[in-house]
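Residue strings, one per chain:
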Amino acid sequence: MKVLITAPYHDKAQEALRKQFGEIIYKPWKLQERAYNEQELINLILETQAEALITEHDEVTAKVIEAAAHLQFIGVCRGTPSNVAVAAATEKGIPVFNTPARNAQAVAEMFIANLVNLMRNTLPAVSWLEGENWEAGAHTSYLQFKGNEIAGKTIGMVGFGAVGQTIANLVRHFPAEILYYDPFYTSEDEAYKKVTLEELFQNSDVVSIHLPVNKETEGLIGKSLISLMKKDAIFVNTARAVVVQREDLLYAIKNELIRGAILDVFDHEPPDEIDYKLIHHPHVLATPHIAGATFEVEDHHADIMNKNLFNFYVEGNRSIRQLVNKEVLALKAS
């Protein structure tokens, strides 16, 4: 089998696939600094005579799948294969594999780093110092930039999948209390308390969003929930921007109804005028969608993908195909 890989894939993982499937054609999208579009991907599959595809961000549309219906599988190196027409692949009998939790550690570490920075006023303190505002004998910095500790706080996770659980496992040792809302999952760990969405917003010192995008979640977080937050609470979103009604979040921040926000995702990327109002607000710590941007994430997704493929083709675990395709279809339909 010829396997075309357009995702970043480390050498060891490529070699493992080569031993199993025969031939690897490595054309990572990074070489052209952007994902392959629909026609480019069709041309590449046909030119290389690839019989399977491992992608990351490329546009694997229904048209691509129609033109490449011979593919034995499609691997998507992402938590959810949102760039793939999964229904079209399923109709053609093509199994779709993804890599859940590939960036869980990266996002969790970024969550802690940014939360500490916001709570301890690190960035404004650095700017103050670089501005040469320190006068002899003064304690201005000590008083002006005094912050808070994570220890003793209550952290609320809206969605408790791989990222939420990884964050919880780290911050619980500060120690911090963990609340979570997730209608599809119940943790067996008694250290984590499952609550309603309203209870989470009312009782958390930090509310962190970890939701996928579907009809049920789009715009789910708005004024009615944000207004329940404590005045000194912090809102964090490293998941998807469209699950939050940004105007309501901006209103709460501008009117000091909450302490501030940590944002890594925006309704428009690059941002539009409203996004920039959030980004420029002094009580917002904003980063350009980099919470999952570590070199290690690429190693993780290659290893997870290989494990899934080996389980399916070597170990004969045929349930993986049905599980992956059906779960994704259900997510998109819900």
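One structure accompanies this document, and this report is about it.

Rules used in this analysis
- Per chain, residue numbering runs from 1 following the sequence as it is written.
- Given that the model is predicted, a residue must reach a pLDDT of at least 70 before its local features are reported, and side-chain atom pairs must reach 80 or more before they are shown or counted; all residues, however, enter totals for whole chains, interfaces and linings.
- Side-chain measures were taken over the full set of non-hydrogen atoms in the model, leaving aside hydrogen atoms and water.
- Helix and strand assignments come from DSSP, with helices taken as H or I runs of at least 4 residues and strands as E runs of at least 2, each series counted from the N terminus.
- As a reference, a globule follows 2.2 Å times the number of residues to the power 0.38, and the radius of gyration itself is taken over C-alpha atoms.
- Only protein chains enter the accessibility calculation, which uses a 1.4 Å probe. A residue is then buried if its area is under 20% of the maximum for its type, exposed if over 50%, and partly exposed in between.
- Contact criterion: two residues are considered in contact whenever any of their non-hydrogen atoms come within 4.5 Å of each other.
- Where accessible areas are quoted, they stem from the Shrake-Rupley method and a 1.4 Å probe; at the residue level, only the protein chains shown are allowed to cover.
- Between rings of Phe, Tyr and Trp, where Trp is taken as its six-membered ring, a pair exists when centres lie within 6.5 Å; planes separated by under 30 degrees are stacked, by over 60 edge-to-face, and by other angles tilted.
- Note: two strands are recorded as paired if DSSP finds a minimum of 2 bridges between them.
- For helices, the axis comes from a line fit to the C-alpha atoms of the stretch in contact; other axes are also lines fit to C-alpha atoms, and the angle between any two N-to-C directions lies between 0 and 180 degrees.
- Both site types are read off a 1 Å grid over the protein atoms alone. A 1.4 Å probe that fits but cannot get out defines a cavity, while an open set with protein on both sides within 12 Å along at least five of seven lines defines a pocket; lining residues have an atom within 4 Å of a point.
- Grid points are joined across faces, edges and corners, and a volume is the space filled by probe spheres set on the points.
- Under the grouping applied here, Gly and all other residues not named as nonpolar or charged are polar, the nonpolar ones being Ala, Val, Leu, Ile, Met, Phe, Trp, Tyr, Cys and Pro and the charged ones Asp, Glu, Lys and Arg.
- Each reported salt bridge corresponds to a side-chain nitrogen of Lys or Arg within 4 Å of a carboxyl oxygen of Asp or Glu.

### A closer look at the overall build of the chain
Counting its secondary structure elements, the chain contains 14 helices and twelve strands. Taking 20 Å as the expected radius of gyration for a compact globule of 334 residues, we find that the chain reaches 22 Å, a close match to that expectation. Counting only C-alpha atoms, the chain reaches 70 × 45 × 35 Å along its principal axes. Within the chain, buried positions represent 44% of all 334 residues. For the chain, the share of sequence-separated contacts (at least 6 apart) that also reach a separation of at least 24 residues comes to 61%. In the form shown here, the chain has an accessible surface area of approximately 16,900 Å², with 51% of it arising from carbon and sulfur atoms.

### Description of the packing of aromatic side chains
As enumerated under the stated definition, the model contains eleven aromatic pairs in all. Seen from their ring centres, F160 and Y192 are 5.4 Å apart, and the 80° between their planes marks the pair as edge-to-face. Of this pair, F160 sits in the loop between β6 (154–158) and α8 (162–171) while Y192 sits in strand β8 (residues 192–194), and the two are 32 residues apart along the sequence. For Y192, a relative accessible area of 9% puts it in the buried group. Here the aromatic residues F21, F73, F97, F312 and Y313 are joined through ring pairs into a cluster of three or more.

### Some thoughts on the environment of A88
Here A88 lies in helix α4 (residues 86–91). Residues in contact with A88, not counting those within four places in the same chain, are A62 and I65.

### Brief notes about the sheet that holds strand β10 (residues 234–237)
A sheet is described by the order of its strands in space; here seven strands give the open sequence β8-β7-β6-β9-β10-β11-β12, paired in parallel fashion. Strands at the two margins of the open sheet, each flanked by one partner only, are β8 and β12 (284–286). With direction set aside, neighbouring strand axes in the sheet form an average angle of 20°. Looking at chain direction, strand β7 (residues 177–181) and β8 are connected through three bridges and run parallel.

### Here we look at the layout of surface pockets
Its volume calculated, the second largest pocket comes out at about 250 Å³. Only α5 (104–119), α6 (122–130) and β12 provide two or more residues apiece to the lining of the second largest pocket. For the lining of the second largest pocket, the residue count by class is six nonpolar, three polar and one charged.

### Things to note about empty space enclosed by the protein
Per the stated rule, a full pass over the model turns up one cavity of 30 Å³ or more. What the largest cavity holds in volume is close to 80 Å³. As for the largest cavity, its lining consists of N237, A241, V244, R246, L249, L263, V265, F266, D267, D275 and L278. At the level of secondary structure, the elements contributing two or more residues to the lining of the largest cavity comprise α11 (246–254) and α12 (273–280). Residues that form the lining of the largest cavity fall into these classes: seven nonpolar, one polar and three charged.

### A look at the pattern of salt bridges
The full count for this structure, using the stated rule, is twelve salt bridges. R18 serves as the salt-bridge partner of E15, at 2.7 Å between the closest nitrogen and oxygen. Within this pair, E15 and its partner R18 are both found in helix α1 (residues 11–21), separated by three residues, close to a single helical turn. We classify E15 as partly exposed; its relative accessible area is 33%. The salt bridge partner of D275 is R246, with a shortest N-O separation of 2.8 Å. Pair noted here: D275 is in helix α12 and R246 is in helix α11, with a separation of 29 residues, a long-range link. Accessibility classification places D275 together with R246 in one group, the buried group.

### Focus on the environment of R120
Note on placement: R120 falls in the loop between α5 and α6. Spatially, the C-alpha atoms of R120 and I150 are 9.7 Å apart, while their sequence positions differ by 30 residues.

### Some remarks on the pairing of β6
The buried count for β6 comes to five of five residues, which makes it a mostly enclosed element. Neither face of β6 is left uncovered, since the one carrying T154, G156 and V158 and the one carrying I155 and M157 both have all their residues buried. Here β6 pairs with β7 via five bridges, running parallel. Looking at β7, one finds that M157 is bridged to Y180.

Fair warning: the whole summary comes from geometry, so function is off the table for now.
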